[in-house]
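Listed below are the residues making up each chain.
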Amino acid sequence: MKNTPRRTSDHHLRTPGELRIARLCWVLASVLFLGFAANLFISVARAAEPSSGPWFLGSLLAAAGLLILWLSLRLWRSDLMARTQLTWLGLITALPLFLRFGRYSILAGMVLVAVALMWTPASIKYFRTLYPRKTRRK
């Protein structure tokens, strides 16, 4: 079942600024993931002694970049499940990267900021307006 917003009279509903910034951060994060994967693939291809570890890491980075790009496009269409999936994906990928303090820590910090921006009170109110909860009848 497709989780599309109920847009009967929501044409006047304005997207909060925090959510717009989070959308841009997610698109930028997907581009950075894909860029890091391409850089890793190029450096491994030029290496004299190739190993499978960097190829696997590059494949993971490329898959994460494509998945984040797809979910960020769904978030652009105000899909509630995309926000939830990006939150989980962001926390699972960003926390280990951020704790290593390597070259990926800037990317991880940006992903954590994007997760936080999706859960500001204005963004929560926006999604509650688009997806009202069904009341239970007793």
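Residues numbered from 1 in each chain as written. Predicted model: local features only at pLDDT ≥ 70, side-chain atom pairs only at ≥ 80, totals over all residues. Heavy atoms only, no water.

A count of helices and strands for the chain gives 5 helices and 0 strands. Written out in order from the N terminus, the α and β elements of the chain read α-α-α-α-α. Out of the 138 residues belonging to the chain, those deemed buried represent 37%. Here the chain has roughly 9200 Å² of accessible surface; of this, 66% comes from carbon and sulfur atoms. (Helix = DSSP H or I, 4+ residues; strand = E, 2+ residues; numbered from the N terminus. Buried < 20%, exposed > 50% of the residue type's maximum accessible area, 1.4 Å probe, protein only. Areas by Shrake-Rupley, 256 points an atom, 1.4 Å probe, with all protein chains shown as cover.)

Turning our eyes to something else, we now look at the side chain of R83. Position of R83 relative to the elements: it lies in helix α3 (residues 80-100). D79 is the oppositely charged side chain nearest to the buried, salt-bridge-free R83, at an N-O distance of 9.5 Å. (Lys, Arg positive; Asp, Glu negative; His and termini not counted. Salt bridge = Lys/Arg side-chain N within 4 Å of Asp/Glu carboxyl O.)

For the structure shown, the criterion picks out 1 salt bridge. In this structure, the salt-bridge partner of D79 is R74, at a minimum N-O distance of 2.6 Å. Comparing D79 with R74 shows no difference in burial state: the two are buried.

If you trace the backbone, L13 turns up in the segment before α1 (17-46). With a relative accessible area of 27%, L13 lands in the partly exposed category. Taking the C-alpha atoms as reference points, L13 and L130, 117 residues apart in sequence, are found 8.7 Å from one another. Dropping the residues within four chain positions of it, L13 is found in contact with Y126, T129 and L130. (Contact = heavy atoms within 4.5 Å.)

All told, the structure shown has 3 aromatic pairs when counted by the stated rule. With a centroid separation of 4.9 Å and an interplanar angle of 90°, the aromatic rings of F36 and Y104 are classed as edge-to-face. Of the two residues, F36 is situated in helix α1 and Y104 in the loop between α3 and α4 (105-118); the sequence distance between them amounts to 68 residues. Lying across the ring of W76, R23 places its NZ or CZ 5.6 Å from the centre. (Phe/Tyr/Trp six-rings, centres within 6.5 Å; stacked < 30°, edge-to-face > 60°. Lys NZ or Arg CZ within 6 Å of the ring centre and 35° of its normal.)

With that out of the way, let us pick up the environment of L75. Looking at the secondary structure, you find L75 in helix α2 (residues 52-76). On the basis of relative accessibility, which here comes to 0%, the residue L75 falls in the buried class. For L75 and W26, which are 49 residues apart along the polypeptide, the C-alpha to C-alpha distance reads 9.2 Å. The contact partners of L75, leaving out residues within four places of it in the chain, are L19, R23, W26, A82, R83, L86, M118 and F127.

The axes of two packed helices give the description: the angle between them and the distance between them. It is the contact of α3 with α4, at a shortest axis distance of 8 Å, that shows an interaxial angle of 150°. On the basis of their axis angle, the class for α3 and α4 is roughly antiparallel. In terms of crossing hand, the pair formed by α3 and α4 is left-handed. Between α3 and α4, the residues in contact are R83, L86, T87, G90, L91, A94, L95, L97 and F98 and S105, A108, G109, V111, L112, V115 and M118, respectively. The class makeup of the residues in the contact of α3 with α4 is 11 nonpolar, 4 polar and 1 charged. (Axes fitted to C-alpha atoms, helices over the stretch in contact; angles between N-to-C directions. Parallel < 35°, antiparallel > 145°, perpendicular 65-115°, else oblique. Left-handed = near helix turned anticlockwise from the far one by under 90°. Nonpolar A, V, L, I, M, F, W, Y, C, P; charged D, E, K, R; others polar.)

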